[in-house]
Structures are given as structure tokens and as C-alpha cells.
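Each chain, letter by letter, is given below.
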Amino acid sequence: MVASVRWMVTGSAGMLGTDAVQLLRDAGHEVVAHTRESLDLSDAAAVGVAVEGVDVVLHCAAWTAVDDAETEEAAALEANAVLPAILAAAAHGAGARMVQVSTDYVFAGDATQPYAEDAPTAPRSAYGRTKAAGEEAVRAALPEAHLIVRTAWLYGAHGPCFPRTIARAAAERGALSVVSDQVGQPTWTVDVVDLVERLVTAGAPAGTYHATSSGQTSWFGFAQAVVASAGMDPAIVSPCDTAAFPRPAPRPAYSVLGHDALMRAGVEPIGDWAERWDVASAVVV
Ligand SMILES: NC(=O)c1ccc[n+]([C@@H]2O[C@H](COP(=O)([O-])OP(=O)(O)OC[C@H]3O[C@@H](n4cnc5c(N)ncnc54)[C@H](OP(=O)(O)O)[C@@H]3O)[C@@H](O)[C@H]2O)c1
């Protein structure tokens, strides 16, 4: 039996945080869950007290409004880099490890082969810049005890996400256009939590890891899978270009992340996105 670990989860009411608290408890761990209301992450003294006795801080709280960050970058930076720095300093003081959840948006998105964990970051959006700054802050404060875990195209049962939006739109409208010129790896929150738990249990070395499904598809391909799993004809989804849906923040065209660091640590990457969607669809939409 795996030894119980005392976890602290921030952002515990968010899409990833909700599953993290539930799944870690189900796995037999002790979990202290914090929302915005229960702990002010900008209060270093309060954070220091909260982290006492904790083995692993899983930091799921973040500014995730990608488009709003374009006009509110200072506030997004505070949430995505200053608060992680405070948490990391507290984790250092408590002798805890810290998992900083990050994103594919730290990359430019113009590659043609999967991004390695140590590929240069070059964010194109304000959100990506703030998340890259958060990674750096946590690495600096916890050189021996950080796990930067980048995920992407995340979906789950406890928040608004692409498959839930698509399933609803398909049922209401009967036909929809979805961009086919952005590719990535649809990834289930449950799989991210499971991977984080396996990384910690394995005693993986400090470093950067990619918590995305294997394989790749476009948003169009993912939408077709979502529609099919809802019992509708995937042909009601038609492809279009990103230019058809202009947004304030640029989206990475290529968001495929490689998993070599996981393999080196002896930790199995998440399975193929389509196989994982087959399992997840029953609980997500
Ligand atoms: N969703 C994706 O597709 C995706 C992709 C790649 C990476 N990620 C990363 O995955 C992580 C989890 O994302 P998610 O999808 O679960 O996001 P989410 O559903 O938006 O949850 C984020 C949580 O953080 C809380 N929060 C925000 N600012 C806070 C603050 N200053 N103090 C305390 N709590 C605060 C939010 O509370 P309020 O609701 O009260 O604001 C919310 O409960 C984030 O690090 C995100 O950058 C997400």
C-alpha cells in the first residue's frame, strides 16, 4: 500500500482542483483544500502557517481567463507569478515539495514536433507570459523541490470546458464549425491528478514534466469525437480556420508536448487522447 502523503491543494473549487481533492482523498491521502475564501495566497504569513506540516503543495489556483489577461496583465501576473512565489517560499520553509501547474501557452506554438520539457519558452499571450513567470519563480525558490507540471487542452466534470460546450452547442444547433488549424492533446483533469500523484509517489526529481495525453488532434477532431460520443453524427461538425473566430489573445497553433522527462523518471505518460476521451466522456458531458 502507498504511504499516505499530506497534500495541500489550492484552487480547490476550480476544475482541476475539485478533482484533485477528491481523487487524492480517494487514494488515501490527507488533503487540506483551499479556496480563495479560505486562504489569502497574497498573505505570506498566513500561507506560511497553512503550509506547516504539509508534504506536497499542489497549486491549482490561477488566473485562467486567457483573453482578459491581455488587458489585465498586471493582475494576471500577480495571480500567476507573485502568488506562486509566495507559496514556494512557504513550501521551502516547511520542507515541502510543490507542484506548479503550468501550460502549453508558455511556448510559441509554431513548432512542428512535440515540445521537449526544456525547449525555450516564448509565450505569445499575456496569460502565457504570466504562467512562464510563475514557472521561473517556483524554480528559483525551490530548486530541489519543484515539479513544474504543464498541461493543455484541459477538460473535466467540474468546470466549463471545450467538450461540454461542444456537446451543448451540437444538441442546440445541430451543426457547428470548429477550428482545424490548431492541434494539441485533449487532457482529462482526472489523468493530470493521477499523473501528479504518480510523480510524487515515485519521488521524481525536481524538474519540468508534461501532463498531457499522448497523440494529437485538432479542435475539429476533438469536436467530432465529442459529438460521436453524444450519439450524434460527427458530420455535423465542419472544419474552419482560426481566422473565423478572432480572439483577443493569440492561440498556439501547435500545442503538442513531449513526454521524455516522464519516461526518464520511470513514470508512464497519460494514454492516447481518444482512448482517454472514451473513458472520460461518460462523466464529463
Ligand atoms: N483549463 C485549461 O485548459 C488549462 C490548460 C493548461 C493549463 N491549465 C492550468 O491548470 C490549472 C488549473 O486550471 P483550471 O482549468 O482548473 O482553472 P479554473 O477552473 O479557472 O480554476 C482556477 C481556480 O483558481 C482560483 N483562483 C484564481 N485566482 C485566485 C487567487 N488569487 N487566490 C485564490 N484562488 C484563486 C479560482 O477561483 P475563482 O473562481 O474564485 O476565481 C478557481 O477556483 C491552472 O494553473 C491553469 O493555468 C489549465
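Before reading on, note that the structure itself is shown above.
This write-up is about the structure you can find in this document. Treat the numbers as computed from the prediction; the structure is a model and nothing was measured.

**Describing the overall build of the protein chain**
Assigned secondary structure in the protein chain consists of nine helices and twelve strands. Taking 2.2 N^0.38 as the reference for a compact globule, 285 residues should give roughly 19 Å; the C-alpha atoms of the protein chain span a radius of gyration of 18 Å, in line with that estimate. Along the three orthogonal principal directions, the C-alpha set of the protein chain runs to about 55 × 45 × 40 Å. Each of the 285 residues in the protein chain was classed as buried or not, and the buried ones make up 52%. If you take every contact in the protein chain between residues at least 6 apart in sequence, the share linking residues at least 24 apart comes to 81%. Accessible area for the protein chain stands at about 12,100 Å²; split by element, carbon and sulfur atoms hold 54% of it. The average position of the 17 basic charges and that of the 33 acidic charges among the side chains of the protein chain differ by 2 Å.

**Quick notes on the pattern of salt bridges**
Side-chain pairs of opposite charge can arise whenever the charged atoms involved come near each other. Counting across every chain of the model gives ten salt bridges. Measuring nitrogen to oxygen at the nearest pair gives 3.0 Å for the salt bridge that ties Glu-135 to Arg-139. Residue Glu-135 and its partner Arg-139 are both found in helix H4 (residues 126-141); the two are separated by four residues, about one turn of the helix. Exposure remark for Glu-135: the relative accessible area of 1% places this residue in the buried category.

Conventions we followed
- Throughout, a residue's number is its position along its own chain's written sequence, starting from 1.
- Given that the model is predicted, a residue must reach a pLDDT of at least 70 before its local features are reported, and side-chain atom pairs must reach 80 or more before they are shown or counted; all residues, however, enter totals for whole chains, interfaces and linings.
- Side-chain metrics rest on all non-hydrogen atoms present in the structure, leaving aside hydrogens and water.
- Counting from the N terminus, the helices are DSSP H or I runs at least four residues long and the strands are E runs at least two residues long.
- As defined in this context, the radius of gyration uses C-alpha atoms, and a globule is described by 2.2 Å times the residue total to the power 0.38.
- Buried residues are those whose accessible area, probed at 1.4 Å on protein chains only, stays under 20% of the maximum for their type, while exposed residues exceed 50% and partly exposed ones sit between those limits.
- Residue contacts follow a heavy-atom distance rule, with two residues in contact if any of their heavy atoms lie within 4.5 Å.
- Per-residue accessibility takes into account occlusion by the displayed protein chains alone, with areas from the Shrake-Rupley method and a 1.4 Å probe.
- Just so you know, the count uses Lys and Arg for positive and Asp and Glu for negative, and it drops His and the chain ends.
- A charged residue contributes its charge at one atom only: NZ of Lys, CZ of Arg, CG of Asp or CD of Glu.
- Just to be clear on terms, a salt bridge is a Lys or Arg side-chain nitrogen sitting within 4 Å of an Asp or Glu carboxyl oxygen.

Spatial relationships are all this shows, so hold off on functional conclusions.
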